[in-house]
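An overview of the molecular structure
Spelled out from the first residue to the last, the chains are:
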Amino acid sequence: FDTDGKFLDQWTYSAMVCGIYLHSDGFMWMTSGFDGEFGKIDMSNGTLLGSMGSPGMGNGQFGEAHYLTLDADANVYVADVVNRHVQKYAHE
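Note that this is a predicted model, so its numbers are computed, not measured.

**With respect to the packing of aromatic side chains**
One pair of aromatic rings is described through two measures. These are the centre distance and the angle between the planes. Across all of its chains, the model carries 4 aromatic pairs by this definition. Here the aromatic rings of phenylalanine 38 and phenylalanine 62 are separated by 6.4 Å at their centres, their planes lie at 85°, and the arrangement is edge-to-face. Of this pair, phenylalanine 38 sits in strand S3 (residues 37-42) while phenylalanine 62 is found in strand S6 (residues 61-62), placing the two residues 24 residues apart along the sequence. Grouping residues by exposure puts phenylalanine 38 and phenylalanine 62 together as buried. Taken together through their ring pairs, the aromatic side chains of Trp29, Phe38, Phe62 and Tyr89 make up a single cluster. Stacked on the ring of phenylalanine 27, the Lys or Arg lysine 40 has its end atom at 4.2 Å from the ring centre.

Listed below in structure tokens is the structure:
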């Protein structure tokens, strides 16, 4: 939908999307709950550009990747509501 509520397009993913973050650089980031992943999406066409993570309790793993944000340096922070921690992915 646009800012006036007009339907623009529909994108379908085979994931349990829990959180989305619309970044000013034209990309959308999303978390996929029980899949334990987060991904980067091209907002112009809905293409998933890549994803990271897996189910689990270690580094790079999530019980449920639920919330996500980026800071001013494009570092990604993913909150895991099952394992009760936040993981930071540094932008290089």
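**What about the sheet that holds strand S1 (residues 17-22)?**
Pairing is antiparallel across the open sheet formed by 4 strands, whose spatial order is S1-S2-S3-S4. On the outer flanks of this sheet lie S1 and strand S4 (48-52), each paired with one strand and no other. Within the sheet, the average angular offset between the axes of one strand and its neighbour, ignoring direction, is 20°. Pairing of strand S2 (residues 27-32) with S3, which is carried by 6 bridges, proceeds in the antiparallel orientation. Across the sheet, the residue bridging to methionine 30 is glycine 39, located in S3.

**Some words on a nonpolar patch on the surface**
Among the surface-exposed residues, Trp11, Val17, Ile20, Leu22 and Met43 lie close enough to one another that they form a single nonpolar patch of about 440 Å² accessible area. Looking at where tryptophan 11 falls in the secondary structure, it is placed in the segment before S1.

**Observations concerning the layout of surface pockets**
Quantified by volume, the largest pocket comes out at close to 330 Å³. Phe1, Phe7, Leu8, Asp9, Gln10, Trp11, Ile20, Leu22, Met28 and Met43 are the residues that line the largest pocket. Taken together, the residues of the lining of the largest pocket sort by class into 8 nonpolar, 1 polar and 1 charged. Empty space within the second largest pocket amounts to approximately 220 Å³.

Conventions adopted
Residues numbered from 1 in each chain as written. Predicted model: local features only at pLDDT ≥ 70, side-chain atom pairs only at ≥ 80, totals over all residues. Heavy atoms only, no water. Phe/Tyr/Trp six-rings, centres within 6.5 Å; stacked < 30°, edge-to-face > 60°. Helix = DSSP H or I, 4+ residues; strand = E, 2+ residues; numbered from the N terminus. Buried < 20%, exposed > 50% of the residue type's maximum accessible area, 1.4 Å probe, protein only. Lys NZ or Arg CZ within 6 Å of the ring centre and 35° of its normal. Pairing = 2+ DSSP bridges. Axes fitted to C-alpha atoms, helices over the stretch in contact; angles between N-to-C directions. Patch = residues over 30% accessible without salt bridge, like charges linked within 9 Å, V, L, I, M, F, W, Y side chains within 5 Å. Areas by Shrake-Rupley, 256 points an atom, 1.4 Å probe, with all protein chains shown as cover. Salt bridge = Lys/Arg side-chain N within 4 Å of Asp/Glu carboxyl O. 1 Å grid on protein atoms, 1.4 Å probe; cavity = no way out; pocket = protein on both sides within 12 Å on 5 of 7 lines; lining within 4 Å. Points joined across faces, edges and corners; volume = space filled by probe spheres on them. Nonpolar A, V, L, I, M, F, W, Y, C, P; charged D, E, K, R; others polar.

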